[in-house]
Amino acid sequence: MKQDIHEYLAEFDDIPGTRVYTTKRARQGYWINQFAMSLMKEENRKAWLENEEKYLEGWPKLTPEQKQALLDRDYDKLLDLGGNIYFLAKVFSTDGKSYLQAVSTMTGMSVDEYRDMMLSGGRSPEGLRSKSKGY
Amino acid sequence: MAQITAGISSSHVPAIGAAVDLGKTEEDYWVPAFAGFDWTKEWIMKPENKPDVVILVYNDHASAFDMNLIPTFAIGCADEFQPADEGWGPRPVPTVKNHADLAWHIAQSCILDEFDMTIINKMDVDHGLTVPLSLMFGQPDAWPCKIIPLAVNVVTYPPPSGNRCYNLGRAIRDAVESFPEDLKVQVWGTGGMSHQLQGTRAGLINKEWDTAFLDDLTKDPERLRKMPHIEYLREAGSEGIELVMWLIMRGALGDKVKELHRHYHVAASNTALGHIVLEPVE
Ligand SMILES: [Fe+2]
């Protein structure tokens, strides 16, 4: 049964603290994500780590804001600008960081606090399912 | 004729692959995560259970497919696939050897059955595919069976509906049962369970919801088929949507199944680790 596409997309905005990777975001973040893909090659990782600003010159379609967020490793911002976490994983993996380390930076918690939360059952969905309905 | 003999599902957390590759599985953090796979490791190598072929349903995490190509359902048809370099070098795991005759047969059969499969020859396979193999088979020199990669888009919205996935599973079953070679074929659905890898809601885990999902693979698959994407997102976190891939596995097993084994552990890295073994009931 086909769902109405407008209703389908509108519901995503009702989830607290979550950016669903829609085609709109995919278009906005195309160059962030393609940039990240380039780091799957060892020689590119080397060039990036050696001189990040210079490496970014090879990506003229990135906006200045997107470039800055990449330099800052500001993953929350990068998601706002159309990045996707699986693509951004190439960036933090190149830094030798794990998903847990990178993801924790978006939560306002330290890595250790976040890791402890995960070990004691994770974050409860209570109150975090819907902005409008508050459950 | 070929037959679907069992279905297995499991999370495919990348940190699990790293734990295996770096020899950390005996560390306190990892022991309870891996313990739930001991049963399966023994079960799957018994001659009566050992698959000749695994159809391994997984999602590519921006490894083989970048933003230039986003196939909803893609079936690997080449003779072999290498582990992908995801930013930290390829995992030191064996090459994935395909049963290309069966893969091409499934592709043709599903297309004729109105599932418009994308056919992939050249691709590397990432943790989505190799982590479940490590969990079920450990660290052998060669994987003990042939593997058909079946990649599903669950990254860019909309991914396929749960119902579509379930029905693809049924079409795969029909395809397998019309293949003339005597083969034991398993279908694996991977990914999930609840997890969110972004924003202030990162780290979300919903044990109650995950448990109901595991229960209903046996008790009420109709409920799971009808579940809209928004429910996965709200209840199981933004990356919990991977669970639609489990429904391809479930659809391939027929109407009735028996649960042989399950395992649930919080947390492996950011994720609720879930695992189940199901057998079709005639
Ligand atoms: Fe995944």
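Preceding this section is the structure that the text describes.
Because the structure is a prediction, the values reported are computed rather than measured. (Residues numbered from 1 in each chain as written. Chains lettered and ligands numbered in written order. Predicted model: local features only at pLDDT ≥ 70, side-chain atom pairs only at ≥ 80, totals over all residues. Heavy atoms only, no water.)

Engineer: I'd love a proper account of the overall build of chain A, names of residues and values included.
Structural biologist: Of regular secondary structure, chain A possesses 10 helices and 0 strands. Sorting the 135 residues of chain A into buried and exposed places 47% on the buried side. Accessible area for chain A stands at about 7200 Å²; split by element, carbon and sulfur atoms hold 50% of it. Averaging the coordinates of the 20 positive side-chain charges in chain A and doing the same for the 21 negative ones gives two points 5 Å apart. (Helix = DSSP H or I, 4+ residues; strand = E, 2+ residues; numbered from the N terminus. Buried < 20%, exposed > 50% of the residue type's maximum accessible area, 1.4 Å probe, protein only. Areas by Shrake-Rupley, 256 points an atom, 1.4 Å probe, with all protein chains shown as cover. Lys, Arg positive; Asp, Glu negative; His and termini not counted. Charge placed at Lys NZ, Arg CZ, Asp CG, Glu CD.)

Engineer: Please give an account of the coordination of the iron ion that cites residues and values.
Structural biologist: Residues and elements named next belong to chain B. The coordination sphere of the iron ion contains the protein donors His 12 (NE2), His 61 (NE2) and Glu 242 (OE), at a distance range of 1.9 to 2.1 Å. Counting along the primary sequence, the residues that act as donors to the iron ion give the motif H-x48-H-x180-E. Of this pair, His 61 sits in the loop between β2 (53–58) and β3 (73–76) while Glu 242 sits in the loop between α9 (229–236) and α10 (246–251), and the two are 181 residues apart along the sequence. Glu 242 matches His 61 in its accessibility class, with the two residues each being buried. (Donors = N, O, S within 2.8 Å, 3.2 Å for Na, K, Ca; no water.)

Engineer: Hey, could you go over unusual backbone geometry for me, with residue numbers and the actual values?
Structural biologist: Residue and element names in this part refer to chain B. Of the consecutive residues Gly 192 and Met 193, the connecting peptide bond is found in the cis state with omega at -5°. Residue position: Met 193 is located in the loop between β8 (184–190) and α7 (207–219). Each neighbour pair has its own omega, and for Val 266 with Ala 267 the value is -5°, a cis peptide bond. Secondary-structure assignment places Ala 267 in strand β9 (residues 257–268). Residues other than glycine seldom take positive phi values, yet Ala 62 does so here, at roughly 55°. Within the element layout of this structure, Ala 62 appears in the loop between β2 and β3.

Engineer: Account for the packing of helix α3 (residues 38–45) of chain B against helix α5 (residues 127–137) of chain B, with residues named and values stated.
Structural biologist: Residues and elements named next belong to chain B. It is the contact of α3 with α5, at a shortest axis distance of 7 Å, that shows an interaxial angle of 80°. Taken together, the axes of α3 and α5 lie roughly perpendicular to each other. Of the residues in α5, those in contact with Thr 40, Lys 41, Ile 44 and Met 45 of α3 are Ser 134, Leu 135, Met 136 and Phe 137. Of the residues in the contact of α3 with α5, the class split is 5 nonpolar, 2 polar and 1 charged. (Axes fitted to C-alpha atoms, helices over the stretch in contact; angles between N-to-C directions. Parallel < 35°, antiparallel > 145°, perpendicular 65-115°, else oblique. Contact = heavy atoms within 4.5 Å. Nonpolar A, V, L, I, M, F, W, Y, C, P; charged D, E, K, R; others polar.)

Engineer: Tell me about a nonpolar patch on the surface, and name the residues and values.
Structural biologist: On the surface, a cluster of nonpolar side chains totalling about 240 Å² of accessible area is made up of Trp 104, Ile 111 and Ile 119 of chain B. For Ile 119 of chain B, the position within the fold is in strand β6 (residues 118–120). (Patch = residues over 30% accessible without salt bridge, like charges linked within 9 Å, V, L, I, M, F, W, Y side chains within 5 Å. Salt bridge = Lys/Arg side-chain N within 4 Å of Asp/Glu carboxyl O.)

Engineer: Got a sec to walk through a negative patch on the surface? Specific residues and values, please.
Structural biologist: All names here are of chain B. Judged by side-chain charge, Asp 52, Asp 79, Asp 101, Glu 181 and Asp 182 come together as a negatively charged surface patch. Structurally, the position occupied by Glu 181 is in the loop between α6 (162–177) and β8. Here Glu 181 falls in the partly exposed class, since its relative accessible area comes to 37%.

Engineer: Which residues make up the packing of aromatic side chains, and what values do they have?
Structural biologist: Under the criterion given, the structure shown has 19 aromatic pairs over all chains. With a centroid separation of 5.7 Å and 15° between ring planes, the pair formed by Trp 39 of chain B and Trp 43 of chain B is classed as stacked. Taken together, the residues span about one helical turn, with Trp 39 of chain B and Trp 43 of chain B both in helix α3 at a distance of 4 residues. Residue Trp 43 of chain B is classed as buried on the basis of its relative accessible area, which comes to 9%. With 6.5 Å between their ring centres and 45° between their planes, Phe 137 of chain B and Trp 143 of chain B make a pair best called tilted. By the burial criterion, Phe 137 of chain B is buried, and Trp 143 of chain B matches it. Within the aromatic cluster, the residues linked to one another by ring pairs are Tyr 30, Trp 31, Phe 35, Trp 48, Tyr 55 and Trp 59 of chain A. (Phe/Tyr/Trp six-rings, centres within 6.5 Å; stacked < 30°, edge-to-face > 60°.)

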